[in-house]
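If you want the building blocks of each chain, they are given just below.
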Amino acid sequence: MSRRRPSPPLTVVLLLVAGLLLAWTIPALGPALRLAGGDGRHGTFTARRLDCVRHPGHESCAWTGDFSSHDGVVRRTGVTLAGSDRPTHRAGMRTRAIDVGLPTRVYGPDGSTEWIFTVFLFLAVLGILAFTTAPVAGAVRRRVTSGG
């Protein structure tokens, strides 16, 4: 029983897409896994300003401010509190937060489900790589076992 091989142009396109997605997911995977496990540096977020973007029929807002870890090792300014919105804070208000290592974002003490998308995307990349490289691996295996 022979499996159909993807066409060479499709293989090239899929490998390029997989490469781009890997370039995005690999750096995000560590913070995503820390977020999933609730790991990170615990501290306090102080709201400074509300940043909003208006779309037709919709407004998306998030609070930007400062993060200080409880142990005093990490102090960052200009970070966004994920999941915050117009009514969740006021300027100067402090709340517990977790820093999972992303340069512009911290999370509330309950974490977030953002990690699910990153892990799903990484698994999809692995699927693309398996689909595109399986025929190559099979051809190499056949050549090695046939002695040629």
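Everything numeric in this text was worked out from a predicted model, so none of it was measured.

About the cut-offs
- Residues numbered from 1 in each chain as written.
- Predicted model: local features only at pLDDT ≥ 70, side-chain atom pairs only at ≥ 80, totals over all residues.
- Heavy atoms only, no water.
- Pairing = 2+ DSSP bridges.
- Helix = DSSP H or I, 4+ residues; strand = E, 2+ residues; numbered from the N terminus.
- Salt bridge = Lys/Arg side-chain N within 4 Å of Asp/Glu carboxyl O.
- Buried < 20%, exposed > 50% of the residue type's maximum accessible area, 1.4 Å probe, protein only.
- Expected span 1.5 Å × (residues − 1).
- Bend = angle between axes of the 7 residues up to and from the residue.
- Phe/Tyr/Trp six-rings, centres within 6.5 Å; stacked < 30°, edge-to-face > 60°.
- Polar contact = N/O pair within 3.5 Å; in protein donor to acceptor, adjacent residues only side chain to side chain.
- Contact = heavy atoms within 4.5 Å.

Draft legend 1. Structural detail: the sheet that holds strand β5 (residues 105-106). Strand order in the open sheet formed by five strands is β4-β1-β2-β3-β5, with mixed pairing between adjacent strands. Single-partner strands in this sheet number two, and they are β4 (94-99) and β5.

Draft legend 2. Region of the structure containing the pattern of salt bridges. Going through the model one piece at a time under the given rule, you end up with seven salt bridges. As a salt-bridge pair, Glu59 and Arg86 come within 3.0 Å of each other at their nearest N and O atoms. Within this pair, whereas Glu59 is found in strand β2 (residues 58-69), its partner Arg86 is found in the loop between β3 (75-81) and β4, the two being separated by 27 residues in sequence. On the basis of relative accessibility, which here comes to 26%, the residue Glu59 falls in the partly exposed class. With a shortest N-O distance of 3.1 Å, Asp99 and Arg76 are connected by a salt bridge. Taken together, the residues span a long stretch of sequence, with Asp99 in strand β4 and Arg76 in strand β3 at a distance of 23 residues. In this structure, Asp99 and Arg76 share a single accessibility class: buried. Through salt bridges that share partners, Arg54, Glu59 and Arg86 make up one connected network.

Draft legend 3. Just helix α1 (residues 8-37), in detail. With 30 residues, α1 extends 40 Å between its outermost C-alpha atoms, agreeing within 8% with the 44 Å of an ideal straight helix rising 1.5 Å per residue. Roughly 45 degrees is the biggest bend found in α1, and it falls at Leu29, with proline Pro31 one to four residues downstream. Within the sequence span of α1, burial applies to Thr11, Leu14, Ala18, Thr25, Ala28, Leu29, Pro31, Ala32 and Leu35. Taken from the residues just after α1, Gly38 is the one with a positive phi, measuring 70 degrees.

Draft legend 4. Examining the packing of aromatic side chains more closely. If you walk through the whole model with that rule in mind, you get one aromatic pair. A centroid spacing of 6.2 Å and a plane angle of 65 degrees characterise the contact between Trp24 and Phe117, whose relative ring orientation is edge-to-face. On the criterion of sequence distance, the pair formed by Trp24 in helix α1 and Phe117 in helix α2 (residues 114-145) is long-range, its members being 93 residues apart.

Draft legend 5. Structural detail: the side chain of Thr64. Considering the arrangement of structural elements, one finds Thr64 in strand β2. Assessed through its relative accessible area of 4%, Thr64 is described here as buried. Only 2.6 Å separates the side chain of Thr64 from the side chain of Asp51, close enough to count as a polar contact. What Thr64 contacts, discounting residues up to four positions off in sequence, is Phe45, Ala47, Arg48, Arg49, Asp51, Gly78, Val79 and Thr80.

Take it as geometry only, folks, not as evidence of what the structure does.
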